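# Descriptive analysis of the structure
Listed below, chain by chain, are the residues.
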Amino acid sequence: MLGRLAEQPADKILSLMQDFAADPRGDKLDLGVGVYRDDAGITPVMGAIKQAELALWEVQKSKSYTGLAGDPAFAAALGDLVLGDAAGRDRRAAIATPGGTGAVRQGLELVGLAAPEATVWVPEPTWPNHLSILAHLGRPHRTYRYYDPATGAVDADGMAADLAGLAKGDVVLLHGCCHNPTGADPDMALWERIAKILSDRGAIPMVDLAYQGFGDGLDADVAGLRHLARQLPEMLIAASCSKNFGLYRERVGLLVALAPDATMARRAQGTLEHLNRQNYSFPPDHGARLVTMVLTDRPLRNAWQQELAHMRDRIRDLRGTLAEELRRQTNSDRFDGLAAQKGMFSRLPATPEQVATMRRDHGIYMVCDGRVNLAGLSTKTVPQLARAMVAAGL
Ligand code: PMP
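Residues numbered from 1 in each chain as written. Predicted model: local features only at pLDDT ≥ 70, side-chain atom pairs only at ≥ 80, totals over all residues.

### Observations regarding the overall build of the protein
- When helices and strands are tallied, the protein shows 14 helices and 13 strands.
- Radius of gyration (C-alpha) of the protein: 21 Å, near the 21 Å computed for a compact globule of 394 residues.
- The principal-axis extent of the C-alpha atoms belonging to the protein is close to 60 × 55 × 50 Å.
- The buried share of the protein, reckoned over its 394 residues, is 47%.
- Across the protein, every contact between residues at least 6 apart in sequence was considered, and the portion connecting residues at least 24 apart equals 75%. (Helix = DSSP H or I, 4+ residues; strand = E, 2+ residues; numbered from the N terminus. Rg over C-alpha atoms; globule rule 2.2 N^0.38 Å. Buried ≥ 20, exposed ≤ 12 C-beta atoms within 10 Å, placed from the backbone. Contact = placed C-beta atoms within 7 Å.)

Here is the structure:
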């Protein structure tokens, strides 16, 4: 049996990490893997999470199973953080999942059960895992125009023109904020336009929210998502706590299905729990419980919000510094778009050859499509990246 298996293609980001680790140069720079780093290059355990872990160790009496949906307090607390008052708890069905990836996967499985004929539309470009999960599940899918490399912003008209081709019941995958890999997010006017198109066509949004709080703020980052929740009867949301709570390896995610009313939400809840049962039974609980503790305890929540604001400010400052440095070194404004983008990622306008040159000559590692994780920079290394970009002819 095992002999019949095909070789899987190497994961580009994971093999980049291996190449980076094997590079002996002292001034090498890893802008590949998508984790937050502080100025010292560390991906820290957040202080509020450490405090919650201590408290949990004291009070937790049992690690027996939770419910199939996970702890309902987690779904309520994280659902509130995401949706605010845009959709009441009676409209929400929700399950805890292993990370945001688990939520994406379960969301697409739900689409397969409810509407196997629906086409799932994803932005071009998108997080590559969206496409590979869609292919793995055999869900019909296609892309819509999203990014304009000339401006570094969303191609609003291209996107609207493509989405005009939606059929009733199709599903449109959108990044809630801090688009991966481009950093280009819709402004509020475009979110309103998207809501109108989806409403007119009878399509359903599926919002992947992996970076709430990394762009402009916890509420600002979900203003578009909340607008969709108010305007449309149905929506799926795949939320991840990997980045904004720094809980990567604990695998903390939530899939929310917003229904038009409480009766339909209850039915959706049953299907979501069924999906958890089929795939892994009970979702992981440790990280989810820490998130609930942080969100429902005023002092812990304040501490977490401050730490998150610090991370957000660091990324924003690095973007500004890099754009300024490039303006100085290139004597042009063609990289100014970097400062307006949101979150950790940007896609540099580099060919695969230029990416290889920057790696070979300057020890700078990025994904071959030019995606860089700006949190991998520090104020000291920004000029190094700018110099390498100029030398590679970007
Ligand atoms: N969606 C997007 C767009 C992402 O960038 C990521 C993280 N790389 C995820 C979902 C899922 O992250 P995780 O499963 O680690 O929570």
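After presenting the structure, the write-up continues.
### Some points on the domain arrangement of the protein
- In terms of domains, the protein is made up of domain 1 (10-45 + 301-391) and domain 2 (65-296).
- For domain 1 and domain 2, the distance between their C-alpha centroids amounts to 26 Å.
- Between domain 1 and domain 2, the contact holds 24 residues from the first and 24 residues from the second.
- Among the elements of the structure, α11 (298-330), α12 (337-340) and β11 (345-347) are those that each provide at least two residues to the side of domain 1 that touches domain 2.
- At six residues, α11 tops the list of elements feeding residues into the side of domain 1 that touches domain 2.
- Grouping the amino acids of the side of domain 1 that touches domain 2 by side-chain chemistry returns eleven nonpolar, seven polar and six charged. (Domains from an automatic or database assignment. Nonpolar A, V, L, I, M, F, W, Y, C, P; charged D, E, K, R; others polar.)

### Brief notes about the UniProt feature "coiled-coil region" (unreviewed entry) in the protein
- Here the UniProt feature "coiled-coil region" (unreviewed entry) sits at residues 301-328.
- When the span residues 301-328 is considered, its composition is 100% helix and 0% strand, and the gap between its end C-alpha atoms is 40 Å. (UniProt positions renumbered as here; feature names shortened; annotations may be inferred.)

### Things to note about the nonpolar core
- Counting residues in hydrophobic clusters, the biggest one holds 115 residues, and the most contacted among them are Leu78, Val172, Ile237, Leu255, Ala257, Val291 and Leu322.
- Residues in contact with Ala257, not counting those within four places in the same chain, are Ala93, Leu110, Leu236, Ala268 and Leu272. (Core = buried A, V, L, I, M, F, W, Y, C linked by C-beta atoms within 7 Å.)

### Digging into the site of the ligand
- The environment of the ligand is made up of 14 residues, and the closest members are Gly99, Gly100, Thr101, Ser240 and Ser242.
- A per-element tally of the shell around the ligand places helix α4 (residues 99-114) first, with four residues.
- Residue composition of the shell around the ligand, by class: four nonpolar, nine polar and one charged. (Near = placed C-beta within 6 Å.)

### Observations regarding the UniProt feature "domain: Aminotransferase class I/classII large" (unreviewed entry) in the protein
- The positions that UniProt labels "domain: Aminotransferase class I/classII large" (unreviewed entry) are, in the present scheme, residues 27-388.
- Taken end to end, residues 27-388 is 46% helix and 15% strand, and its two terminal C-alpha atoms sit 13 Å from one another.

### Some points on the pairing of strand β3 (residues 120-124)
- Counting buried positions along β3 yields four of five residues, so the element is predominantly enclosed.
- In this sheet, strand β4 (residues 141-145) lies alongside β3 in parallel orientation, the contact comprising five bridges. For Pro123, the partnering residue across the bridge sits in β4 and is Tyr144.
- Since β3 and β4 lie parallel, the crossover through helix α5 (residues 128-137) that links them has a hand, and here it is right-handed.
- The pairing of β3 with strand β7 (residues 171-175) spans two bridges and is classified as parallel. Within β7, the position partnered with Trp121 by the bridge is Val172. (Pairing = 2+ DSSP bridges. Right-handed = clockwise from strand over helix to strand, strands pointing away.)

### What to know about the packing of α4 against helix α9 (residues 262-279)
- For the pair α4 and α9, interaxial distance at closest approach is 10 Å and the crossing angle is 115°. By crossing handedness, the relation of α4 to α9 is classed as right-handed. Between α4, through Gln106, Glu109, Leu110 and Leu113, and α9, the contact on the second element is made entirely by Thr271, Leu272 and Leu275.
- The class makeup of the residues in the contact of α4 with α9 is four nonpolar, two polar and one charged. (Axes fitted to C-alpha atoms, helices over the stretch in contact; angles between N-to-C directions. Left-handed = near helix turned anticlockwise from the far one by under 90°.)

### Let's talk about the confidence of the model for the protein
- For the protein, the average pLDDT comes to 96, and 100% of its residues sit at 70 or higher.
- Listed scores for the predicted complex are pTM 0.97 and ipTM 0.99. (pLDDT = per-residue confidence, 0-100.)

### Observations concerning α11
- Given a rise of 1.5 Å per residue, 33 residues ought to cover 48 Å, and the 48 Å separating the end C-alpha atoms of α11 matches this to within 8%.
- Listing the buried residues of α11 in full gives Trp304, Leu308, Met311, Arg312, Ile315, Leu318, Arg319, Leu322, Ala323 and Leu326.
- Buried residues along α11 sit against α2 (47-59), α10 (286-296), α12 and α14 (382-391). (Expected span 1.5 Å × (residues − 1).)

### Describing the pairing of β7
- Counting buried residues in β7 gives five out of five residues, a clear majority hidden from the surface.
- With burial as the criterion, each face of β7 is covered, one bearing Val171, Leu173 and His175 and the other bearing Val172 and Leu174.
- For β7 and strand β8 (residues 204-209), the ladder comprises five bridges, and the chain directions are parallel. Within β8, the position partnered with Leu174 by the bridge is Val207.
- Traced from β7 through helix α7 (residues 188-201) to β8, the parallel crossover comes out right-handed.

### Notes on unusual backbone geometry
- Cis geometry marks the peptide bond from Glu124 to Pro125; its omega dihedral reads 5°.
- Within the fold, Pro125 resides in the loop between β3 and α5.
- In the segment running from Asn180 into Pro181, the intervening peptide bond is cis, with an omega of 20°.
- Here Pro181 is to be found in the loop between β7 and α7.
- For Arg251, which is not a glycine, the phi torsion comes out positive at approximately 65°.
- Within the element layout of this structure, Arg251 appears in the loop between β9 (235-240) and β10 (253-258).
- Non-glycine residue Asn331 carries a positive phi angle of around 55°.
- By the element assignment, Asn331 lies in the loop between α11 and α12.

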